[in-house]
Amino acid sequence: MPDLPLYNARADADLALFSNPAFRPTGVQKLGLALVGLGLAAFVVALASPFGAAHPVPFALAAFGGLGLGGVVYGLGGLAAPAGVRNEGTMVSSNEARGAVGWAIGLALTALYVVLYFWPAGLAGLLPLADPLSRLMRDQPATLGNGGQWFLYTTLYTLAVAVMGVRALVRYRHSRYHVIRTLSVMFFQTVLAFALPFFLVTLQQPELYVHYTWPLDYDLFFPWRVAELRAEGQLGVAMLVWGVVMIAVATPVLTYFFGKRWYCSWVCGCGGLAETAGDPYRHLSDKSLGAWKLERWLVHGVLATITAATLLLWVAAVAEVGWLDAVAETVSWLYGLLIGSIFAGVVGVGFYPLLGSRVWCRFGCPMAAILGLQQRFFSRFRITTNGGQCISCGQCSAYCEMGIDVKWYAQRGQNVVRASCVGCGVCATVCPRGVLRLENGPDVGGASRAGRPVNNLIEDLDILA
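Just so it is clear, the model here is predicted, and its values are computed rather than measured.

So, on to the confidence of the model for the chain. Of the residues in the chain, 90% reach a pLDDT of 70 or more, and the chain-wide mean stands at 89. Long-range and interchain partners of residues 447–465, a stretch whose pLDDT sits below 50, account for 33 contacts in this model, where long-range means more than four residues apart.

Pasting the structure below:
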């Protein structure tokens, strides 16, 4: 007797472009997609021909305007549908379930980051499109010699957060928490990561990103960077002091009261992109036990590496030993290449459609590692559960972008107190029974760390076991 075919066995591996029967774009959304297509076409023509350099303003309007306006129009088209996370067709979507569209977007993003980091001259055809805005914001043209490729990248990054932020606002418009959280990441990306640094450049001041600090801004306390900032005058020194305050005072205090969500889901630019542009891919995170073990090794390994590298650089700078200085410089260069460029950029964003939206935050970010340790052992933040109401539908686990099996906790009525949780709150939003609740405050029920036996707490401290 021949084997019977499994029902819908090809669903996960479907490479058809439009295989989602539940995807029925409205007229407004079709208009938005057409404008996005116009923007992409303008970028491709400018990259492959001299027309963009010859006519920068029309091409810039078509490229940035098409992507921006088209994305906003498409997002607003979602107002015709009920608010909330809808699951129809998500697991068979060509874009959201690793189909052909998802792979194409992943390859395009990966190629963009590879060219940006290792062959910026390949973007020369696109720099004229950023030139008008660069002259307006930085008072200088966009060229490879003055970091014009990074200005172009930051512009596209901010545009992605803003446009996909509109989509998130429409999708989660029924939740005040998500509306405020989305507006927060849009504000920090637009003002502190885009407008302020380039405004400082216009004033001939150092380009500073005040919402980042060590170890995410990994070279902030390197000897050469400290000397450079000190030479910049009062503003440079203020940035060093602000960096110390951020990591030594603000981070532990705010994490104690609010968990790591105050930074990872409300302030950080990486988290901002994940919560907006990466939202369609949040369910692709690996929930396996093996992924959890790998996560703990990698994220704490990266934190240990940057800590050791920073100390090594200072020992080399003070000792003035030639061979030690060479070793320290090599370690610094390798960290920037492997972690700062390949892990955080190429893999961290390029693999959104394949591995989910929080690959870098979960497996590589040293700032997330520090915040996670503080959240795990000293914070008042937790996700409380009502096990008696859980129907084991698994929605909470499916939509956890950090790969946490939330259902496991909900079934047992245990509070979720995990180092990796970024407090996005989507698990509570998608729960059909209202089982989950994000809370700050003392654990009066004793269902989390405060009520755990001492031997369990000792086991928790073995974070790499």
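Attention shifts here to the packing of aromatic side chains. Two aromatic rings, taken as a pair, are described by how far apart their centres are and by the angle between their planes. Summed over the entire model, instances satisfying the criterion amount to 20 aromatic pairs. Geometrically, the ring pair formed by F151 and F198 is edge-to-face, given 4.9 Å between the ring centres and 65° between the ring planes. Placement of F151 in helix α6 (residues 148–171) and of F198 in helix α7 (residues 176–202) is noted, with a sequence separation of 47 residues between them. Taken together, a centroid distance of 6.1 Å and an interplanar angle of 70° make the contact between Y218 and F222 edge-to-face. A relative accessible area of 1% means that F222 is categorised as buried. An aromatic cluster of three or more residues is present, and its members are Y113, Y117, F118, W150, Y153 and Y157. A cation over an aromatic ring shows up here: R418 above the ring of W292, its NZ or CZ 4.4 Å from the ring centre.

A separate point is the side chain of Q29. Counting through the fold element by element, Q29 comes out in helix α1 (residues 27–48). Given a relative accessible area of 12%, Q29 falls into the buried group. Each residue touching Q29, except ones within four places of it in the same chain, is listed here: R24, Y74, G77 and G78.

So, about the UniProt feature "transmembrane region" (unreviewed entry) in the chain. Per the UniProt annotation, the sites labelled "transmembrane region" (unreviewed entry) are residues 31–53, 59–81, 101–130, 150–170, 182–203, 235–258, 297–319 and 331–355. Secondary structure content for residues 31–53 is 91% helix and 0% strand, while the C-alpha to C-alpha distance between its ends is 28 Å. In residues 235–258, the share of helix is 100% and the share of strand is 0%. The end C-alpha atoms are 30 Å apart.

Now for the environment of C421. Topologically, C421 is positioned in the loop between α18 (406–412) and α19 (426–430). Residues C421 and G259, spaced 162 residues apart in sequence, show a C-alpha to C-alpha distance of 8.8 Å.

The next subject is the pairing of strand β1 (residues 381–385). Both faces of the sheet carry side chains from a regular strand, because those side chains alternate between them. Most of β1 is tucked away, with five of its five residues classed as buried. Here β1 shows two buried faces, one formed by F381, I383 and T385 and the other by R382 and T384. Across five bridges, the pairing between β1 and strand β2 (residues 436–440) is antiparallel. Looking at β2, one finds that F381 is bridged to N440.

Turning our attention to the nonpolar core. Judged by nonpolar contacts, the single largest core of 68 residues is most densely connected at L216, Y263, W360, V406 and L436. With seven residues, helix α13 (residues 322–350) is the single largest residue contributor to this core. Beyond its immediate sequence surroundings of up to four residues, V406 is in contact with C396, S397, C400, V416, C427 and L436. The next biggest cluster of nonpolar side chains, apart from the first, holds 33 residues, and it includes F194, L273, V346 and V349.

Looking at the element boundaries, S379 is found in the loop between α16 (366–378) and β1. By relative accessible area, S379 is classed as buried at 3%. Among the polar contacts made by the side chain of S379, one reaches the main-chain carbonyl oxygen of Y256 at a distance of 3.4 Å. At 3.0 Å, the side chain of S379 and the backbone nitrogen of F381 are in polar contact.

One pass over the full model with this rule turns up 14 salt bridges. Residues R225 and D219 are paired through a salt bridge, measuring 2.9 Å at the closest nitrogen-oxygen approach. D219 matches R225 in its accessibility class, with the two residues each being buried. With a closest N to O distance of 3.3 Å, E439 and R437 form a salt bridge.

Here the alpha-carbon distance between S379 and S49, two residues 330 residues apart in the chain, equals 55 Å. A polar contact of 2.7 Å, which involves the side chain of S379, links it to the backbone oxygen of T255.

Attention shifts here to unusual backbone geometry. Residue P215 is reached from W214 by a cis peptide bond, and omega for that bond is 10°. Note on placement: P215 falls in the loop between α7 and α8 (223–231). The residue Q204 is not glycine, and still its phi comes out positive at about 60°. One can find Q204 in the loop between α7 and α8. Positive phi outside glycine occurs at S392, with the angle close to 60°. As for its placement among the helices and strands, S392 is situated in the loop between β1 and α17 (395–398). S392 gets classed as partly exposed once you look at its relative accessible area, which sits at 35%.

So, how was this worked out
- Residues numbered from 1 in each chain as written.
- Predicted model: local features only at pLDDT ≥ 70, side-chain atom pairs only at ≥ 80, totals over all residues.
- Heavy atoms only, no water.
- pLDDT = per-residue confidence, 0-100.
- Contact = heavy atoms within 4.5 Å.
- Phe/Tyr/Trp six-rings, centres within 6.5 Å; stacked < 30°, edge-to-face > 60°.
- Helix = DSSP H or I, 4+ residues; strand = E, 2+ residues; numbered from the N terminus.
- Buried < 20%, exposed > 50% of the residue type's maximum accessible area, 1.4 Å probe, protein only.
- Lys NZ or Arg CZ within 6 Å of the ring centre and 35° of its normal.
- UniProt positions renumbered as here; feature names shortened; annotations may be inferred.
- Pairing = 2+ DSSP bridges.
- Core = buried A, V, L, I, M, F, W, Y, C linked by side-chain atoms within 4.5 Å.
- Polar contact = N/O pair within 3.5 Å; in protein donor to acceptor, adjacent residues only side chain to side chain.
- Salt bridge = Lys/Arg side-chain N within 4 Å of Asp/Glu carboxyl O.

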